[in-house]
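What follows is the residue order along each chain.
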Amino acid sequence: MKRVGLLGCGAIGTEIAHAIDSGKISAKLTHIYDFSKENSKKLVDSLTAKPIITENVGLLAASPVDMIIEAASQDAVRDDILTILQNRKDVMIMSVGALLDESILDIVLDGCEHFNKKVYLPSGAIVGLDGIRAVQDELDSVTLVTTKHPKALKGAKFFESYKIDPDNITSPTVLYQGSAQEAVRLFPANINVAALLSLAGLGSQKTQVKIVADPKTDKNTHEIQAEGKFGKFAIKVENVPSPSNPKTSRLATLAAIECLKKICGTSLNIGT
Ligand SMILES: NC(=O)C1=CN([C@@H]2O[C@H](COP(=O)(O)OP(=O)(O)OC[C@H]3O[C@@H](n4cnc5c(N)ncnc54)[C@H](O)[C@@H]3O)[C@@H](O)[C@H]2O)C=CC1
Ligand SMILES: O=C([O-])CC(=O)C(=O)O
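Every value quoted in this text rests on a predicted model; they were computed, and no experiment measured them.

Undergrad: For the overall build of the chain, give the residues involved together with the corresponding values.
TA: The helix and strand tally for the chain stands at eleven helices and 13 strands. Relative to the globule expectation of 19 Å for 272 residues, the C-alpha radius of gyration of the chain, 18 Å, shows essentially globular dimensions. C-alpha extents for the chain along the principal axes are approximately 45 × 45 × 35 Å. Taking all contacts inside the chain whose residues are at least 6 apart in sequence as the whole, residues at least 24 apart take part in 71%. For the chain, the exposed area adds up to about 13300 Å²; of that, 50% sits on carbon and sulfur atoms. Each charge sign in the chain was given a centre, from 31 positive and 31 negative side chains, and these centres are 4 Å apart.

Pasting the structure below:
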């Protein structure tokens, strides 16, 4: 049975830990780290099989696990991915936006090859990545329109540079329109899905993103349109937000759990 370490004990990390604890995923969660000791402790208290809380990420990376699940932040990926790969651990990354920085992507690709390790990127809060990958050589355009409640967008770097107060948004408002590259920089905890689309398809400059704040919505909605020589498709996902983090959709957690079930050998390998 695979031994797993967890980096980040928030909304996604907690649900994954519970899925392992309940036997839904055939793995053993043995070590965890979160820079909030409170969050790590709260998670351990809620589990039957108690993992060890490591003092820092270096000790998590060096712990006797087969793989590490990153469910923390883009900064965590930037700062810690090399340490994890150098310690010869496979890794599942949720904060995929970090990989749109070419130097980080190079570290990941070189690290995987050099240390013979695997990096998994679950499909997160969207569906349709199988289709995007299949038609990647025939794509002319990929656009993503993401709509969330202003409270789900609150705290994003975007609001440091643009004088809009999310608390004062009273009707649907387009906050951002541009490349996926810039979108993940301005909204690092909201639009990792744009990074997944970019990596699967046209890259981060050509993948176009629109972010809308809608005070009347109770969903995190992602609308994807792809067009090219193959034809076109449009996909709309209306996600229920996670109760503990409105930025994050329930589907993102469920996709991570499904990805882990596949890695740990307990589900059929369905789809491309
Ligand atoms: N790929 C996808 O489709 C999706 C990706 N995400 C991303 O997944 C990540 C986790 O999401 P949630 O669990 O909802 O976030 P969360 O905010 O609920 O939990 C993150 C946890 O990680 C900890 N943390 C943050 N940075 C850290 C660091 N550098 N070192 C150690 N601990 C750190 C925080 O203290 C917190 O406990 C986020 O980056 C989020 O943006 C979220 C939804 C969809
Ligand atoms: O969960 C979602 O709806 C999308 C999200 O936060 C992300 O991609 O970072």
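Don't stop here, the text continues.
Undergrad: Would you mind going over the UniProt feature "domain: Aspartate/homoserine dehydrogenase NAD-binding" (unreviewed entry) in the chain in detail, with residue names and values included?
TA: Mapped onto the present numbering, the UniProt feature "domain: Aspartate/homoserine dehydrogenase NAD-binding" (unreviewed entry) falls on residues 8–121. Annotated as residues 8–121, this span is 47% helix and 17% strand, and its ends, taken at the C-alpha atoms, are 16 Å apart.

Undergrad: Run through the site of ligand 2, naming residues and quoting values.
TA: Around ligand 2, the neighbouring residues are Ala125, Lys148, Ala189, Asn190, Ile191, Asn192, Val193, Asn220, His222, Lys247, Thr248 and Ser249. Interatomic distance of 3.0 Å between a side-chain N/O atom of Lys148 and an oxygen atom of ligand 2. Within the backbone of Val193, one N or O atom sits 2.9 Å away from an oxygen atom of ligand 2. Taking 270 Å² as the accessible area of ligand 2 by itself, protein coverage stands at 94%. Those elements that provide at least two residues to the shell around ligand 2 are α10 (192–200), β10 (220–228) and β13 (245–249). Of the residues forming the shell around ligand 2, the biggest block, three residues, is contributed by β13.

Undergrad: Tell me about the site of ligand 1, and please be specific about residues and values.
TA: Ile12, Asp34, Asn39, Ser95 and Thr248 are the nearest of the 28 residues found near ligand 1. At 2.9 Å from an oxygen atom of ligand 1 is found a main-chain nitrogen or oxygen belonging to Ala11. Between an oxygen atom of ligand 1 and a side-chain N or O atom of Thr248, the distance comes to 2.6 Å. Relative to its unbound accessible surface of 860 Å², ligand 1 loses 87% to contact with the protein. Breaking the shell around ligand 1 down by element, the ones donating at least two residues are α1 (11–21), α10 and β13. For the shell around ligand 1, the leading source of residues is α10, giving three residues. Counting the residues that make up the shell around ligand 1, at least three belong to each of domain 1 (2–121 + 252–263) and domain 2 (129–239).

Undergrad: Describe the pairing of strand β11 (residues 231–239), and please don't skip the residues or the numbers.
TA: Pairing of β10 with β11 involves nine bridges; the strand directions are antiparallel. For Gly228, the partnering residue across the bridge sits in β11 and is Gly231. In this antiparallel pair of consecutive strands, β10 and β11, the connection spans two residues.

Undergrad: Tell me about the sheet that holds strand β1 (residues 2–7), and please be specific about residues and values.
TA: Pairing is parallel across the open sheet formed by six strands, whose spatial order is β3-β2-β1-β4-β5-β6. One side of each edge strand has no neighbouring strand; the edge strands of this open sheet are β3 (52–53) and β6 (119–120). As judged from the four bridges shared by strand β4 (residues 67–70) and strand β5 (residues 90–93), these two strands associate in the parallel manner. Across the sheet, the residue bridging to Ile68 is Val91, located in β5. Of the strands in this sheet, β1, β2 (27–33), β4 and β5 are in contact with α1, which crosses β2 at around 150 degrees. Across the face of the sheet, helix α4 (residues 74–86) comes into contact with β1, β4, β5 and β6 while running at roughly 160 degrees to β5.

Undergrad: With reference to specific residues and values, describe the pattern of salt bridges.
TA: With the rule as written, the count across this model stands at nine salt bridges. Asp66 serves as the salt-bridge partner of Arg3, at 3.2 Å between the closest nitrogen and oxygen. With Arg3 in strand β1 and Asp66 in the loop between α3 (57–62) and β4, this residue pair connects regions lying 63 residues apart in the sequence. Residue classification places Arg3 among the partly exposed residues on the basis of a relative accessible area of 34%. Given the relative accessible area of 25%, Asp66 is considered partly exposed. For the salt bridge of Glu55 with Lys37, the shortest nitrogen-to-oxygen distance reads 3.3 Å. Residue Glu55 is located in the loop between β3 and α3, and its partner Lys37 is located in helix α2 (residues 37–46); the two are separated by 18 residues in the primary sequence. Taking relative accessible area as the criterion, Glu55 reaches 52% and is therefore assigned exposed.

Definitions and limits used
Residues numbered from 1 in each chain as written. Chains lettered and ligands numbered in written order. Predicted model: local features only at pLDDT ≥ 70, side-chain atom pairs only at ≥ 80, totals over all residues. Heavy atoms only, no water. Helix = DSSP H or I, 4+ residues; strand = E, 2+ residues; numbered from the N terminus. Rg over C-alpha atoms; globule rule 2.2 N^0.38 Å. Contact = heavy atoms within 4.5 Å. Areas by Shrake-Rupley, 256 points an atom, 1.4 Å probe, with all protein chains shown as cover. Lys, Arg positive; Asp, Glu negative; His and termini not counted. Charge placed at Lys NZ, Arg CZ, Asp CG, Glu CD. UniProt positions renumbered as here; feature names shortened; annotations may be inferred. Near = heavy atom within 4 Å. Polar contact = N/O pair within 3.5 Å; in protein donor to acceptor, adjacent residues only side chain to side chain. Domains from an automatic or database assignment. Pairing = 2+ DSSP bridges. Axes fitted to C-alpha atoms, helices over the stretch in contact; angles between N-to-C directions. Salt bridge = Lys/Arg side-chain N within 4 Å of Asp/Glu carboxyl O. Buried < 20%, exposed > 50% of the residue type's maximum accessible area, 1.4 Å probe, protein only.

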